[in-house]
Every structure is written in C-alpha cells, then in structure tokens.
Amino acid sequence: MSTQQLILTQRAELLAVICGGGSAEPLDCVLDLLLAWEVLVWEDYLNIRVTEKPLCSNVRQLLDVVYDKGEDACNLFLAAINQVLPEEQKAGLCFGKGCAAVGKNRPDTATLTLLADRPVLVTKLRDNIDGALNVLLTTGCFTIKDCDGVQLPVYTPSQQVRRLLDQVKFKGETAAKTLLQFLEQTEPTRPNPEDKENHISADCLLYQKKLRSSVAAQSLVLSTYGGTGSFSLDDIYTDGLLEVMDGSGQTTTLGLEDVVGSIGTLNEDADTILLTGEAGSGKSTLLQRLHLLWAREAMLTNTFLLFPFSCRKLNAEHRAISLKELLFLHCCWSDRNQDEVFQFILDHPHMILFTFDGLDEFKQGFTDEERHCCPTKQVPIPVLLFNLLQGTLMKGILKVVTSRPQAVGPSLKRYLRKEVHLKGFSPRGISCFVKKHHSDPAMARRVIDSLQGNTVLLGLCHIPVFCWIVTKCYQELLGGQDGIPQTITDVYLLVLQHFFQRKSSQPQGVLGNAWLEEHLDTVLKLGQLALEGLEASCYVFSGYELQRNGLTEQDVSMGFLIYGNYLSVTDCKHYEFLHITLQCFFAAMFVVLNHNNNRSVISRLFQPQYKQLSGLPQRCLGHCIDPSVEVESHVAETPNLQITAQFVSGLLSQRHHYLLLDCCPTAVRERKVKQVVKSLSKGMQKHFKSIPRPVEGEKKSMHAMPSFVWLIKCLYEMQDHSIAQDAMAKLDVEHLKLTYCNIGPVECTALAYVLKYLRNPVGLQLDNNSVGDVGVEQLLPCLHICHSLYLRNNNISDEGIQKLLEKGMQCESFQKIALFNNKLTDACTKHFALLLKTKQNFLSLRLGNNNITSLGAEQLAEGLSYNQSLQYLGLWGNKIGDRGAVALATALKNSTTLIWLSLVDNGVGSAGACALAKLISQSKTLEVLWLNKNCVNRAGVESLIEALKMNLTVKEVWLRGNNLSPEEEEELSKQEGRLTF
C-alpha cells in the first residue's frame, strides 16, 4: 500500500493520536520537522497553524496538504509522526516502508537556517528564551510588545520558543542573524562533547567510559521487580505523567529530559531537584531510565559524569566517609590517577550529576544543623548527604533526589531548585504497559478490556506498582472466583496467591481455597521480619536476620525477598522485599494473623506518632555492621505505617472473612475489627473537632489534611457500609477542602465511597491534585451529594468532563463547577451547553485557562441562551476572540441572573467590547466584568463608557493590559470611575 493510501485509510487514527491529549505540542513538533525537511514551505505552515481554529481543524488541514504533495511528502510525514509520538500512542499505526530525510545543502541565509534547524532550536532556546529576548530587544530587533506577545502565560515554554522563531522570521534577516549569533555565544558556556579531547585528560575520559559501562550494567534490567524474573528496561519502561509547578501555581507537563532542565525552576541558586511521587509511582524506575540514557549518551549529553546512589544502600554504611570515598567506593572505582579524576570533579561541578533514590527510606530525617564543606574529610553519611543536598558541600553539582512527598519537610524545601511531581500512569500509559508485558496481543487485549470494564481497578492501575501486579497476576484476575479486585488489599492478596501458585506442585490454577492456611508459616515469618523492619525504618536484612526469624531457603525462593548487593564491613548477604508496599503488606498480615500480638498493636498503628509496637528488638543488619559502631534508635516512618494500617483495615474486612477463617480465630478477628473501627472513629472525630466555627456570612468549612485522606482510604479498604456511614454521621460542614493532598484515582474511589453517606450536600474542593479522567469517573457515586465541585489543575480532558456532566444533569443539588487549568477543548462545550439547557438551577461555571476557542464559545452560547439561573461565568485565559465574545454577549443579553463575567486574556478586541457594551446596557443584574489582558482599543472602551451611563448596577469593569497608552487610560478613567486600568 502506498503511503498516500496509508494516510487516507488511517486518517481518523492519525487525527486521534495527534489531537488526543488536547495539546498542540505533537502537531507543532511534526510541523517543525516538516519545515526543516522542506516538505512544507512557510506559506503552508501559516495556513495550517491557525491559532483561532480548533486543533483538529489544523491537523485535518495538515493531512490534506501533505496528501496533495504526493508520495515523498507522505513518507516524510509518517516518519515525522513516528519520531514525535511516544510508543503507547503509535500502537496500531502503520508507517509504511519508512523514509529518512534527505540531507540538503546548508541554507545560505539566516532566516532559512532558522527553518532548517527549527527542531533543534526549539530545544536549545527553551532554556534560553529570556536571554534571547533580551538580546533582540537591546539590538532593536524586537519591541517590548513583541517580547510580551512571545511570553504570554498561556503558552508553554516550547510554544513561546516557536512564537519567538515565527516573529524573528517576520522581522527578517537582521533579527535572524542576531538570534543565531546569540546561540553561538551561549554554546561555549556548556560543555561541548566535540572539544572534550582538548580539555579533559585521558585518565578522566577512561574513567567516564568505565562509569558509563557500570551505570549501563546496573540499569539495563528493571531492578525494582527483579525477584520475579528480569525485564529489559527498554522493553518494559513506560512514561509516567510528570508535572512541575511554577511560583504562580501554574503547572507544566514535562518530558523526561526536562527533569534536570530549567523549566519550573523556583530557586536558581539551589542545586537540588526533588522528584516526588507516592509509593509505587515509578520514581526509582524513572531514575533508572535516566541513568541508562546517560550511559548510552542518548540524554544528559552535557553531563560528563553521573553518580547514582541509593539511600537504602547508604543506610548500610555506618562508617565515617569522605565525598571522595563515597564516589569511588559506592559508585565506580578509578583504576588510574584517582586524584586527577577527583580534582576534575571539584573543578567542573557543572558537568557532574548526582542522583539519590529514596530519600524517604533514609533512616535520619533531613537537618541543616551540622555544616560540612570539606570534600576529603570523613564524616557520618547523614552529614555528608545533607550537606550535599543543601549545597554547603560541592556547590554547583546538580542533584536529583526522589522521595515520597510526606517525607520532605520545610527545612529541605528551602534548598530545592525545583520540585517535579510524578503522577503515575495515564489511561494510555496503562494500556501501553500491559501491551509491553504481554507478547500475545489477544491476551493483552483481554487484560485491558478487563481493566476498562472495572473503573475501580483501572484507578488502581494508575499507580505503576499496582499495574504491574495486575498485569503479573492476569490469570488470577481473569479466572478468579472471588470477583474483580476492588481494594488495594484485594490486589496484594492476588499477588500473594500468584507467587504461591508459581511455586506450587499442583496444576496451574489449582491452588485450593485453603491456600493461605497452607502457607501460613511462611507468611508469619515474612510478616514478623517486615514489621520489625518497619519499626526500625529498616528495609535491608542480613542473612542472620532471616535465620533469626526462621526463614528458610524455600521461603526465600517464593520470590517476596530479593538479594541486594550492599556494601558493608563484613561480606554477609543482604535481602530486601520486592517493593516497600509488599513489606507493609506482610507486616499487616503479621498484625492480623499473629495470635500473640500485644493488644495495643493496632491502636498504636493508627496513631500519628508511632512508637515501637511489639517490643521486638531493632536488629536489622545487626551482624553486617561494625560492632564498634553505635546504631541510633529510629522512629518508624509514618507513611509506611499508614500503608500498613490500610492493609490491616482491608484484611479485617468482611469480604476476607472466609479466607482468614482457618488462620485466625473468629474471636481474635472480631476483637481486632473492633479495635480498627474504634481507631478510625477516634481519628475522624479528631478531625471533626478541629473544624473552626464559620465566620459570619461564610460557609462552615473543613480544610482536611493528608491524614484525613488516609483515614478515608482505611474506611474504603474495610468495605463496610455501616462503618463508613457511622464515620460520616458527625461531619457537618458545607465545604470540604482537600487541595494539594496528592489525590489521584485511588483516593477518589475511597472519597466517593465514604462521602456518599453525608447527610447534607457539600462543596468538594479538590484543586491542585492528580484526579484526571479516571478519578473524575470514580467521583460520580458521590456527585449527588456535591452542590459544588472544584477541580482546578487536575489534568482533566473532554472525555472525563463528558461523563461528569452526564451524571451531573441527573443530580438536583449539583450547581457549581470550577475547572481552571485543565486540558479542555471545544469538544467539551457542547456538553456544558446541554447542562445549561437542562439545569435551570445551575449557578457557576468557571473554565479558565483551557483551550477553548471561538467555536467553543459559540457552542456554550447556545446553552446560555436557554439558561435563566447562571450567576458566574469565567473563561479567563482561553482563545475565544471577538467572535466568541460577540456570541456570549448575544446569548447573555436576556439573562436575569448573571452577576460576574470574566473574559480576561482571550484576544478580545474592540468588536467584542462593543458587543459586551450592548450586554451592559441591557443587563439589570451584571455587577463585574473582567477584560484585562485583551486587545481593546480606545473605541472599544468608549463604547463601554456609553453603556455604563445607562447602567448603574455594574460596579467594576477591569481593563488592565489592553491596547491603550498611559495617557488614554488616565483620560478614560476620568470619564468613568468604574473602569479600572
């Protein structure tokens, strides 16, 4: 089949993958390549990339243009798609025989060079856009207005670069030469690989080669789940969603290469980048991928040496140690001229990168009390690590640190360059991960269909470690007699069953109903080891520790423990659980199944300040450390104990009663259930008692903390409607605020399960979390009890909103929604229009900072024309233009309820302002109109002034940042005092 035919037959699929995420970035990247390869000329580009049109219209135009250009152009278009799209989005597409871009002669003008090098320039300028604009401004090539147009906050960093390149193209040859000269001047400030032979000694180059080889060997195989067979990282790695937040609260989605880039930098004087994510979100795997790509020279090409460290391994180092010893003993030994290599590191900190995985597993909490700045002086590991992170030692070396968010306190955050959040898998990422695990496409399809048929399970798979478990245990999942897993406990019981089945002598799939009783001895021994470890913040165990707990080679061979290569004074073996969450699960199994537990174990487990539960000695690594070293006692880490408490709640639920029946006496089980219920009730009451009395005129509100979300998750794990109902009985608030609480689909499932038992409707505020489309679907069961829903900055697309609104139309109490800064496009506005037509009690709609154009505004206007209840309409930071403003003003002119309207930063000009003036002249309810950061000129403002003369109800019209001179602003404000410039 010819490539022209391929484009025709795959047109719908190509349109879907390029537009699927709601972002224009894939289209822009493809256009960059096609311009560079001379498939498109500049006029083609201008006709295709029309900002006023919906993204899908631009993509259709591109498909038409490429098809008309013939076979070669179609070949190169498919090659560009193949290069730009991630693997999970390319699944199912055919790219034909493939075609490489033919090398052309270098352009003879600067403007043509900008086109030929456009893909590379976008990457180079993304970190240098401020400098480039400053040079263009000082040389007279750009005006201040040009610079402001490039740096509009609605643009991503890449979009700003493209705006800059487009503007330079319009300005001509002088501006293009200025920009290229700027790039040439800034290039030498970065390490140039081609010049390394002239500046770096042979011994340093030899060490780099050895370090690359060592890092590659450690990174080739996925280490996190190595106990169940080895996976090639290349075969299994799937990108998670990475986000960074700037100082104004705006979030930006990052690629892997941007983790160490400048995007999102909050403190340029700091050197530490924090990568946070919940347990199992894929932090270690992402870091491993970064290491492997550096070792292959495929990423971080400006980093000459990369030193990876594991905080878990550093826990095993109890000697005083210097930085030099840390690098050469814990990472890679230098065979020749070690002093010269170390001096190179000291002299070139900007060419070095350190990574520290698992700061939350480091035994000692961060402190900046003891200062240390000598790289050759021996000090305890905590002192060395903390001074590296704060920059007292080796200032200038970039450090990437991973941790769970709860483990990072304010004292460390003062020293952060930026904080990157790993949000787990998207729905597409889940499908991609499953397909990579199963070579049989039919089996992969069955697993994916099973997940998509159960949104609770799909929500769990948003966390990579759960996705791995479900994928690993697909036979139990598809053929299970106990139904589809609903809770995290269900998932871990599934993996327990899978591992025992793998070692069972019985036929595949025939383990028997009493499988847990048959393996109870192994479970209890592993559980005791796990609990001791958690109590001591210990995750690495010596062979002696295993023997002391009675664990045999057969127990170890089950696969729950894996062998780890750790440095220590002695040469004993070390073991660790497959994943920290699995250690928590076994600890919970021990708490539930051990008959001899102290009765206070469970109540203490649910206390925030945890003390050692069982009186077991802290002997982890006892035989692997120097006996002369005194080991401090450590308080158990709260996040791990909270996970353990969740598992305890789940194991004691009625749904697992029959599984545990022969393993735990009924009386003991019932006593422990009562203890859990009492602990949860006390925890909830503590939160309820902290609710302040409302200020007069305001709603009674509760600002919940992350620990409240944890209690909600424990209630969900128990799956007992009466317990959840009793827990919510005394919550009497009108507004529940859960912002910045790391709420994803898993937490949404638990919240919906519990909140549906509230007696009165509540406003639910979930701003700045990770809800996503899957999480939105999980919230639907409690939507009837929500009079308001705030989901600002939650990575929600049109698909999720469609399902939400379909449910919302059936809920009488549902009256307000806020969706600022998500991924909404014109495709969602028809659903909002239907909502406005249907619900004549809907009060507030806020859709700011999305991707809504004039087409979306027109669709919204259709619904507004039928609505007589809406009071607040916010569309700040979209792209509706004059056409959209006219449509909205026309639809709202007969509204008898509208109080507040915001069209800030929407490209509204004087035509739109004149239409809004007619709205003002006719409205009897409008009080506030926001038109800041638009393109309104004097004529438009004068029309507003005339309208205001006929309307005394309007209190404020905001017009800052429009096309007016300071003199005009002063003159017009004197004519009408209600205008604010």
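Basis of the calculations
Residues numbered from 1 in each chain as written. Predicted model: local features only at pLDDT ≥ 70, side-chain atom pairs only at ≥ 80, totals over all residues. Heavy atoms only, no water. Helix = DSSP H or I, 4+ residues; strand = E, 2+ residues; numbered from the N terminus. Rg over C-alpha atoms; globule rule 2.2 N^0.38 Å. Buried < 20%, exposed > 50% of the residue type's maximum accessible area, 1.4 Å probe, protein only. Contact = heavy atoms within 4.5 Å. Core = buried A, V, L, I, M, F, W, Y, C linked by side-chain atoms within 4.5 Å. Pairing = 2+ DSSP bridges. Right-handed = clockwise from strand over helix to strand, strands pointing away. Salt bridge = Lys/Arg side-chain N within 4 Å of Asp/Glu carboxyl O. Phe/Tyr/Trp six-rings, centres within 6.5 Å; stacked < 30°, edge-to-face > 60°. Lys NZ or Arg CZ within 6 Å of the ring centre and 35° of its normal. Axes fitted to C-alpha atoms, helices over the stretch in contact; angles between N-to-C directions. Parallel < 35°, antiparallel > 145°, perpendicular 65-115°, else oblique. Nonpolar A, V, L, I, M, F, W, Y, C, P; charged D, E, K, R; others polar. Arc of directions from axis to C-beta. 1 Å grid on protein atoms, 1.4 Å probe; cavity = no way out; pocket = protein on both sides within 12 Å on 5 of 7 lines; lining within 4 Å. Points joined across faces, edges and corners; volume = space filled by probe spheres on them. Disulfide = S-S within 2.5 Å. pLDDT = per-residue confidence, 0-100.

1. Concerning the overall build of the chain
Then, number 1: Within the chain one finds 48 helices and 21 strands.
Then, number 2: Computed over its C-alpha atoms, the radius of gyration of the chain comes to 30 Å, within 12% of the 30 Å expected for a compact globule of 981 residues.
Then, number 3: In terms of principal-axis extent, the alpha carbons of the chain reach across some 85 × 75 × 65 Å.
Then, number 4: A buried classification covers 58% of the 981 residues belonging to the chain.
Then, number 5: A sequence separation of at least 24 residues applies to 78% of the contacts in the chain between residues at least 6 apart.

2. Remarks on the nonpolar core
Then, number 1: Within the largest apolar cluster, 266 residues are counted, with the highest numbers of intra-cluster contacts made by Phe307, Tyr492, Leu738 and Phe832.
Then, number 2: Per-element tally for this core: the top contributor is helix α33 (residues 580-593), with twelve residues.
Then, number 3: Setting aside residues up to four positions removed in sequence, Leu738 forms contacts with Ala704, Phe708, Val709, Ile743, Leu751, Leu764, Gln765, Leu766, Asp767 and Asn769.
Then, number 4: Residues Leu15, Val59, Leu63 and Leu115 belong to the second largest nonpolar core, which totals 39 residues.

3. Quick look at the pairing of strand β13 (residues 762-765)
Then, number 1: Burial along β13 is two-sided: Val762 and Leu764 and Gly763 and Gln765, pointing in opposite directions, are all buried.
Then, number 2: Pairing geometry for strand β12 (residues 735-737) and β13, over three bridges, is parallel. Counted as the bridge partner of His735 is Gly763 from β13.
Then, number 3: Taken together, β12, helix α40 (residues 745-755) and β13 constitute a β-α-β crossover, and its handedness is right-handed.
Then, number 4: Inspection of the sheet shows β13 paired to strand β14 (residues 786-790) by four bridges, in the parallel sense. The residue bridging Leu764 from the neighbouring strand is Leu789, located in β14.
Then, number 5: A crossover links β13 with its parallel partner β14, the connecting element being helix α41 (residues 772-779), and its sense is right-handed.

4. Re the pattern of salt bridges
Then, number 1: Enumeration according to the criterion identifies 38 salt bridges in this entry.
Then, number 2: The partner of Lys69 in a salt bridge is Asp44, and the shortest N-O contact between them spans 3.0 Å. With Lys69 in helix α5 (residues 55-69) and Asp44 in helix α4 (residues 42-48), the pair connects residues that are 25 residues apart, well separated along the chain.
Then, number 3: For Lys69, a relative accessible area of 39% puts it in the partly exposed group.

5. What to know about unusual backbone geometry
Then, number 1: Its identity as a non-glycine residue notwithstanding, Glu297 has a phi of 60°, on the positive side.
Then, number 2: With respect to the element layout, Glu297 can be found in the loop between α17 (283-295) and β4 (305-310).

6. Describing the packing of aromatic side chains
Then, number 1: All told, the structure shown has 30 aromatic pairs when counted by the stated rule.
Then, number 2: Between Phe425 and Phe433, the aromatic rings sit 5.3 Å apart at their centres with planes inclined by 40°, giving tilted as the arrangement.
Then, number 3: Through a chain of ring-to-ring contacts, three or more aromatic side chains come together here, namely Phe466, Tyr492, Phe499, Phe500, Trp515, Phe541, Phe560, Phe577, Phe585, Phe586 and Phe647.
Then, number 4: Lying across the ring of Trp294, Arg212 places its NZ or CZ 4.4 Å from the centre.
Then, number 5: Sitting above the plane of the Trp900 ring, Arg846 keeps its charged end 4.6 Å from the centroid.

7. As for the packing of helix α38 (residues 706-718) against α40
The relative placement of two packed helices is expressed as an angle between their axes plus a distance between the axes.
Then, number 1: Close contact between α38 and α40 brings their axes to 8 Å; oriented N to C, the two are set at 75°. Overall, the two elements α38 and α40 adopt an arrangement that is roughly perpendicular. Facing α38, whose interface residues are Val709, Ile712, Lys713, Leu715 and Tyr716, α40 presents Glu747, Thr749, Ala750, Leu751, Tyr753 and Val754.
Then, number 2: Grouping the constituent residues of the contact of α38 with α40 by class yields eight nonpolar, one polar and two charged.

8. Some remarks on the sheet that holds strand β6 (residues 398-403)
Then, number 1: The seven strands lie next to each other as β2-β1-β7-β3-β6-β5-β4, forming an open sheet whose pairing is mixed. Either end of the sheet is taken by a strand with one partner, and the two such strands are β2 (251-254) and β4. Taken pair by pair, the neighbouring strands of this sheet meet at an average axis angle of 25°, ignoring direction.
Then, number 2: When strand β3 (residues 272-276) meets β6, the two strands line up parallel, connected through five bridges. By the bridge assignment for β6, Ile273 is matched with Val400.

9. Some details on helix α39 (residues 721-728)
Then, number 1: Regarding α39, the residues found buried are Ile723, Ala724, Ala727 and Met728. Seen along its axis, α39 keeps its buried residues to an arc of 125°; they face one direction.
Then, number 2: Buried positions along α39 lie against α37 (666-689), α38 and α40.

10. Examining empty space enclosed by the protein
Empty space among the atoms can be located by rolling a probe the size of a water molecule over them.
Then, number 1: Tallied over the full model, the rule gives ten cavities of 30 Å³ or more.
Then, number 2: In this structure, the largest cavity occupies an estimated 200 Å³ of space.
Then, number 3: Forming the boundary of the largest cavity are 19 residues, of which Glu278, Leu422, Lys423, His462 and Asn742 lie nearest the centre.
Then, number 4: At the level of secondary structure, the elements contributing two or more residues to the lining of the largest cavity comprise β7 (416-422) and α40.
Then, number 5: Here the element with the most residues in the lining of the largest cavity is α40; it accounts for three residues.
Then, number 6: Residue composition of the lining of the largest cavity, by class: seven nonpolar, nine polar and three charged.

11. Some thoughts on the state of the cysteines
Then, number 1: On inspection of all chains with the given rule, the structure shows zero disulfides.
Then, number 2: Not part of a disulfide, Cys664 finds its nearest cysteine sulfur in Cys663, a span of 8.3 Å.
Then, number 3: Overall, the relative accessible area of 3% leaves Cys664 in the buried class.
Then, number 4: Not engaged in a disulfide, the cysteine Cys741 finds its nearest cysteine sulfur in Cys748; these two sulfurs lie 12 Å apart.
Then, number 5: Note on Cys741: relative accessible area 8%, which makes it buried.

12. Regarding the sheet that holds β14
Then, number 1: If you walk across this open sheet you meet the eleven strands as β11-β12-β13-β14-β15-β16-β17-β18-β19-β20-β21, and the pairing is parallel. This sheet does not close on itself; its edge strands, each paired only once, are β11 (701-703) and β21 (979-980).

13. Notes on the side chain of Asn58
Then, number 1: You can see Asn58 is positioned in helix α5.
Then, number 2: Excluding residues within four positions of it along the chain, Asn58 makes contact with Leu27, Ile48, Arg49, Val50 and Lys53.

14. A closer look at the packing of helix α47 (residues 938-949) against helix α48 (residues 966-975)
Then, number 1: At a closest axis distance of 11 Å, the pairing of α47 and α48 adopts a crossing angle of 10°. Classified by the angle their axes make, α47 and α48 are roughly parallel. Contacts between α47 and α48 involve Arg938, Val941, Glu942 and Ile945 from the former and Glu968, Glu971, Leu972 and Gln975 from the latter.
Then, number 2: Tallied by class, residues from the contact of α47 with α48 come to three nonpolar, one polar and four charged.

15. Some remarks on the confidence of the model for the chain
Then, number 1: When pLDDT is averaged across the chain, the result is 85; 90% of the residues are at 70 or more.
Then, number 2: Confidence drops under pLDDT 50 across residues 188-198; counting only partners more than four residues distant or on other chains, this segment forms twelve contacts.
Then, number 3: Segment residues 224-228 is flagged for pLDDT under 50; beyond a separation of four residues in sequence, or across chains, it makes 19 contacts in the model.

16. Comments concerning the pairing of strand β1 (residues 242-245)
Then, number 1: Sheet analysis places β1 next to β2, joined by four bridges and oriented antiparallel. Following the sheet pairing, Val244 is matched in β2 by Thr252.
Then, number 2: Between β1 and β2, which pair antiparallel and follow one another directly, the connecting turn spans five residues, one of which, Gly249, has a positive phi of 95°.
Then, number 3: Across three bridges, the pairing between β1 and β7 is antiparallel. Of the residues in β7, the one forming a bridge with Leu242 is Leu422.

17. Overview of the environment of Gln815
Then, number 1: Position of Gln815 among the secondary structure elements: in the loop between α42 (798-808) and β15 (816-818).
Then, number 2: The class for Gln815 is partly exposed, based on a relative accessible area of 24%.
Then, number 3: The spatial distance from the C-alpha of Gln815 to the C-alpha of Gly744 is 24 Å, given a sequence separation of 71 residues.

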